[in-house]
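Geometric and topological summary
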Amino acid sequence: MSLLLFLGGGAPAQNPCAPPATCPPPTLAPNVGGLWSTPITDVVPTVTPPGACGAGGFSGEIAHAILMPPDFPTGAHPYTGMVFFITLGACPNAAVRVWVWDPANPAAPATPICPGNLANQDFFCSGHSFAPNGDLIIAGGTDSGGANCNEIWGHRAIWRFKAGAGAWELLGLMAHERWYTTTMGLPNGNILIAGHTEHPTAVDLGLPYDPRNTYEILTTSPGYSLGPETLVCDPAGIAASPSACTSGGSSPVAIEDYGWLMVTRLGQILYAGPKSFQGAPGQRWKRYGNFCASGCSLPPAPASQYWPRDSQPVDQTLPHRSYGNPVHMFFWDQGAGQHREEVYLIGGDSGFPQEASCSSNTQATVEAIINPAPGVAFIPRAPMTFSRRFANAVPTPTGKIIVRRREGPSGSSCVPRSVPEMYDPIANTWQPLNPQCHARGYHSVAFTRLDGMVVSAGGLPYSCWCPGSPSACPSPEPPGPSQPVTCNCNPLEVCPPVCAPLDMTAQHSVEILEPPFLLTAAGSPAPRPTITFSPTDVQHYSAASTSFGVNVRLASPTDDITMVSLLRPPSVTHHQDFDQRFVELYLESSTGTGTSRTLKIRKPENANICPPGWYILFTVAASGVPSVGAWLNIHP
C-alpha cells in the first residue's frame with residue numbers, strides 16, 4: 001500500500017490535479033471510440049454519514065472493486081450483481097470500509113456495510129478472490145499501528161463474506177502479516193495466498209520464512225481451513241541466499257507486491273511479474289513455477305523453471321513492468337481442437353526504484369506468451385499508442401482488451417492519459433477510444449459489467465508524488481473534507497508544482513464506458529442478442545457429458561452467434577484482477593429459425609482452463625455485439 005498523499009497548502013490559482021471544468025468531447029464516432037458517461041460524483045460519499053457503522057469523517061478513495069456473484073447452489077441473493085467498493089479506513093480509525101453500489105442504478109450513492117473487523121484488520125490493500133460457491137475471501141490488508149497512521153504494514157486476518165447470508169466471518173489468521181497480497185483460485189477449488197508484506201521492523205523478515213517467499217493454501221471445502229506457510233524455493237539457485245531453503249541448497253523465491261500469478265492450462269502456476277529476475281549477465285527472465293496446483297500433494301519446495309524473455313535486445317533488457325498489467329486469455333483453437341492460452345504483459349514502469357520518474361521509463365510495449373510452458377518465450381506484440389503505468393487492462397466479452405487512463409510521461413513529468421485504447425489480440429492492433437473525463441491515478445479500478453459496459457472508478461486524482469525528500473515531509477494528519485494531507489515524498493519524482501487535497505472528486509466518482517461494439521455510428525445502442533435460457537451450473541467436460549445448451553434470441557434473423565465467452569467476476573485493485581480470465585468456449589452448433597437459436601456449446605476441458613466457481617456467460621453475434629451476461633457456475 002502507498003499513501004501517496006499530496007501536501008497542499010492554501011487554494012492554488014490553478015490545480016493541475018483537479019478534475020476539468022468540462023469533460024473533453026468525443027473525437028471519434030461512437031462505434032469506433034465508444035462513449036463515456038458524465039462522471040457520477042460522490043458514488044462513495046467523501047464524508048461517511050455519521051453513525052454509519054459507528055463512523056464518520058473522510059471515506060477514503062475507491063481502491064478495490066468486487067462484482068458479487070450468486071450463492072451456489074442456493075442461487076441469487078440481495079447482493080448478486082452488486083459491486084463492493086473498498087476504501088481506505090485505516091486512517092483515521094473509520095469502521096466503514098466496504099460500500100455496496102448497484103450498477104443498475106449508478107447514480108444512487110453506495111451504502112456502507114459493516115464487516116465488524118478490527119481497526120488493525122483493514123481490507124485496504126488486501127487480496128481478494130471468490131470461493132467456488134461465491135463466498136468472497138479477503139486476505140491481509142492494512143494495519144495502521146501508529147498514531148496518525150505513521151506506521152503502516154500488513155495484517156494476518158482472513159475474512160469471508162457469505163453472500164447468501166449477508167454476513168462477515170473471520171476465518172483465521174495467516175502465519176505472518178501480508179500486505180499487497182496476491183490471492184488466486186486453484187483448479188481444486190482452494191485459494192492460494194502468496195506474497196508481499198511490509199513492516200517497520202525486520203523482526204519477521206529474517207529468512208527462511210520471510211512472508212514474501214512463502215504461500216499458504218486456504219481449503220474451501222467442505223469447510224474453510226488454512227494450511228501451513230510454505231516456502232517457494234528455486235532449485236536452480238538464481239535467487240539470492242541459497243542456504244535459505246533447507247533442501248538441495250535451493251533459494252527462496254520472493255513473490256513481490258501483488259505478484260502476477262496465473263493458473264495455466266497445464267495446471268501449473270505462471271509467475272509473470274511485474275518484476276523480472278536476473279539470470280545470466282545482461283539477461284532477464286520470467287519465472288515459471290510448478291506449485292502442483294491440480295490437487296497433488298504440495299511439496300515443501302515447488303519446482304521452478306525459467307525461460308528468457310526475448311522481446312527486447314540484451315542491451316535493452318526490461319527489468320520491471322512495475323504498475324503494468326497482466327491479462328490472461330483462452331481462445332478456442334479449432335485446428336488444434338483445444339484452447340490456446342495467451343498471457344499479455346502490458347505497459348508499466350521499467351525504472352528502479354518503482355516510483356522513479358516515468359518520463360523515460362514508462363512503457364508502451366506489450367509482450368505475450370502463447371501456451372506457456374518451460375522453454376516457451378515471451379514475444380513482442382504491437383505496442384500501445386501511449387506509454388502507461390497505473391493503467392487498468394480490462395478483458396471484454398468479445399475477447400478485446402480495453403486499457404484505460406492512468407499516466408505516462410510528458411516532458412519532465414507524468415500526466416494523465418485521457419485516451420483509452422482497445423486491443424484486438426487476434427489482429428494484434430490497437431484502437432484509440434474517446435477520452436474519459438476524470439484523471440484516474442494510483443489505486444483506481446476498472447472492470448466489465450454484466451451488460452458489457454466498462455466501469456472506471458476511484459483512484460488518487462493526481463499523477464505524481466510530491467517533490468522533496470523524506471525529511472521534508474511532516475507527520476501525516478488525519479484527512480478530512482477539503483483538508484490537504486501530507487505525502488510520501490520521493491526525491492526522484494518530478495511532479496506538478498501544486499498538489500491536490502485528498503478529497504478531490506475523482507477518487508469518489510464513477511465513469512461508465514459504452515465500448516464501440518455496443519454502439520452504432522449514430523451513438524444509439526447496437527441491436528444485441530438476448531440469452532433466453534442458460535443453465536446455472538455446468539460440469540467440466542467428460543466422456544459422458546460433453547456439451548450444454550443455451551437459447552438465444554437474435555436481433556435479426558440474418559444474424560447468428562459466432563462466439564460464446566466467459567469472464568470471471570471482477571475482483572480488482574491496484575491495476576490487477578486476481579482471478580481475471582477470459583475463456584472462449586467452442587460453439588459446436590447453432591440451430592433454429594427466424595430469430596431463435598439453440599446453441600450447443602462444448603464444456604470447458606478441465607479445471608485448469610476454468611477453475612471451479614462463478615463465471616459470466618456471454619454470446620456474441622456475427623456483428624460483434626455481445627448479449628447481456630448470465631451467471632454460470634462451473635464445477636467438477
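**Here we look at the sheet that holds strand β7 (residues 111-113)**
Pairing in this open sheet of six strands is antiparallel, and the strands run β7-β6-β5-β4-β42-β43 from one edge to the other. Edge strands, defined here as strands with exactly one partner in the open sheet, are β7 and β43 (576-577). Direction of pairing for strand β42 (residues 571-573) relative to β43: antiparallel, over a ladder of two bridges. Its bridge partner lying in β43, Thr573 is registered against Gln576.

**So, empty space enclosed by the protein**
Scanning all chains against the criterion turns up six cavities of 30 Å³ or more. Within this model, the largest cavity holds a volume of roughly 360 Å³. Taken together, 31 residues line the largest cavity, and the ones lying closest to its centre are Asp577, Phe578, Asp579, Gln580 and Arg581. Elements that contribute at least two residues to the lining of the largest cavity include exactly β13 (181-185), β20 (261-263), β25 (325-333), β29 (392-395), β35 (445-448) and β43. For the lining of the largest cavity, the per-class residue count stands at 18 nonpolar, nine polar and four charged.

**Description of the sheet that holds strand β33 (residues 421-424)**
Strand order in the open sheet formed by four strands is β29-β30-β33-β34, with antiparallel pairing between adjacent strands. Lying at the two open borders of the sheet, with one neighbouring strand each, are β29 and β34 (429-432). Direction aside, neighbouring strands of the sheet carry axes that sit 25 degrees apart on average. As paired elements, β29 and strand β30 (residues 401-404) share four bridges and run antiparallel to each other. The partner of Pro395 across the bridge, within β30, is Ile401.

What counts, and at which threshold
- Residues numbered from 1 in each chain as written.
- Predicted model: local features only at pLDDT ≥ 70, side-chain atom pairs only at ≥ 80, totals over all residues.
- Heavy atoms only, no water.
- Pairing = 2+ DSSP bridges.
- Helix = DSSP H or I, 4+ residues; strand = E, 2+ residues; numbered from the N terminus.
- 1 Å grid on protein atoms, 1.4 Å probe; cavity = no way out; pocket = protein on both sides within 12 Å on 5 of 7 lines; lining within 4 Å.
- Points joined across faces, edges and corners; volume = space filled by probe spheres on them.
- Nonpolar A, V, L, I, M, F, W, Y, C, P; charged D, E, K, R; others polar.
- Axes fitted to C-alpha atoms, helices over the stretch in contact; angles between N-to-C directions.

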